[in-house]
Amino acid sequence: MTKPEAGSVADDKRRWRGRWKLLLVVAVCAAPMIASYLTYYVIKPEGRNNYGTLLDPRQYPIPDLGSTALDGHRAGLEDYRGKWVMLQVDRGDCTEVCRNKLFTMRQLRLMQGKEMERVERVWLIVDREPVQTMLMREFDGTDMLRVDAARLRSWLPVEAGTMAEDHIYLIDPLGNLMLRFPKDPDPGRMKKDISKVLRASAIG
């Protein structure tokens, strides 16, 4: 039996090394998405009793919302990678319903105790109306971004008969839209959902 030529053996080894390197690159690139899905589905095995509506992040990738901070500087949701984000949408004049959502997000974050530093609060403002100084002081710690209303509404999923302004959303640390809470939500049940994902996730 003839022995394989040295050059052929070397070529085979190079090909196998190349394949392994390619697989390693694919695995590294896929790891964040795998971790996200594990976090995303972790609520379901526990009796499927989650309060918020689970969203498939593949259907709702975060678009460029043309967002800016209140001072006009460029800012976006991508700046919050590595953190869990509670998200609300409303007009700049912020009626009582808007204030209730801001209050709910603030209290939910506080209720997470030692885990609260993992959570950010963001208010997406869909118009150019000025935000009252007293309101900014009252809800200090809530980041306020002005966004393009049309882009926003084409992104966020809503329940039948509602608008994006009726909901609070949760984004995971990898930038995936994960949960939508119902209109006029029960803060106690919201807390349970958020606490579950924080306990189950090693990211953010």
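Before reading on, note that the structure itself is shown above.
In this text the structure is predicted, and so the values were computed from the model without any measurement.

**Q** How should the state of the cysteines be read in this particular structure?
**A** By definition, a disulfide links the sulfur atoms of two cysteine residues through a covalent bond. Taken as a whole and assessed by the stated rule, the structure comprises one disulfide. Across the disulfide from Cys-94 sits Cys-98; the S-S distance is 2.1 Å. Residues Cys-94 and Cys-98 are joined by a disulfide whose S-S torsion is about -90°; by sign, that bridge is left-handed. The exposure classification of Cys-94 matches that of Cys-98, with both residues buried.

**Q** How should I be thinking about the environment of Glu-129 in this particular structure?
**A** Here Glu-129 shows up in the loop between β4 (119–125) and α3 (133–138). Note on Glu-129: relative accessible area 38%, which makes it partly exposed. Taking the C-alpha atoms as reference points, Glu-129 and Arg-91, 38 residues apart in sequence, are found 7.2 Å from one another. Contacts of Glu-129, omitting those with residues within four sequence positions, involve Arg-91, Gly-92, Asp-93 and Arg-146.

**Q** How do you make sense of helix α5 (residues 187–200) when you look at a structure like this?
**A** For an α-helix, 3.6 residues make a turn, and residues three or four places apart therefore share a direction. For α5, with 14 residues, the first-to-last C-alpha span of 20 Å sits near the 20 Å given by 1.5 Å per residue. When we look at burial in α5, the residues that qualify are Met-190, Asp-193, Ile-194, Ser-195, Lys-196, Val-197 and Leu-198. Contact partners of the buried residues in α5: β3 (84–90), α2 (96–111), β4, β6 (168–171) and β7 (177–181). Where α5 begins, the capping side chain belongs to Asp-186, and its oxygen is found 2.9 Å from the backbone nitrogen of Gly-188.

**Q** Would you mind showing me how to read the nonpolar core here?
**A** The tendency in soluble globular proteins is for nonpolar side chains to be buried as a group. Ranked by internal contacts, the top residues of the largest apolar core, which has 25 residues, are Leu-102, Trp-123, Leu-170 and Phe-181. In this view, Leu-102 contacts Gln-88, Cys-94, Trp-123, Leu-135, Phe-139 and Thr-142; residues no more than four positions away in its chain are not counted. Core analysis: the second largest hydrophobic core is formed by 20 residues, Tyr-80, Leu-152, Leu-156 and Leu-177 among them.

**Q** What is the right way to look at the pairing of β3 in this model?
**A** Within a regular strand, side chains alternate between the sheet's two faces. Counting buried positions along β3 yields seven of seven residues, so the element is predominantly enclosed. Judged by which residues are buried, β3 turns out to be covered on both faces: Trp-84, Met-86, Gln-88 and Asp-90 on one side and Val-85, Leu-87 and Val-89 on the other are all buried. Pairing analysis gives seven bridges linking β3 to β4, with the strands arranged parallel. Considered in β4, the bridge of Val-85 is made with Glu-120. Between the parallel elements β3 and β4, the chain passes through α2 in a crossover that is right-handed. Bridge count between β3 and β6: four bridges; the pairing is antiparallel. Each bridged residue has a counterpart across the sheet, and for Met-86 the counterpart in β6 is Leu-170.

**Q** I'm lost on the environment of Tyr-80 in this one. Help?
**A** For Tyr-80, the position within the fold is in the loop between β2 (68–69) and β3. In this structure, the C-alpha to C-alpha distance between Tyr-80 and Gly-175, residues 95 residues apart in sequence, is 7.8 Å. With residues near it in sequence (within four places) discarded, Tyr-80 still touches Val-85, Glu-120, Val-122, Asp-143 and Leu-145.

The rules behind each value
- Residues numbered from 1 in each chain as written.
- Predicted model: local features only at pLDDT ≥ 70, side-chain atom pairs only at ≥ 80, totals over all residues.
- Heavy atoms only, no water.
- Disulfide = S-S within 2.5 Å.
- Buried < 20%, exposed > 50% of the residue type's maximum accessible area, 1.4 Å probe, protein only.
- Helix = DSSP H or I, 4+ residues; strand = E, 2+ residues; numbered from the N terminus.
- Contact = heavy atoms within 4.5 Å.
- Expected span 1.5 Å × (residues − 1).
- Polar contact = N/O pair within 3.5 Å; in protein donor to acceptor, adjacent residues only side chain to side chain.
- Core = buried A, V, L, I, M, F, W, Y, C linked by side-chain atoms within 4.5 Å.
- Pairing = 2+ DSSP bridges.
- Right-handed = clockwise from strand over helix to strand, strands pointing away.

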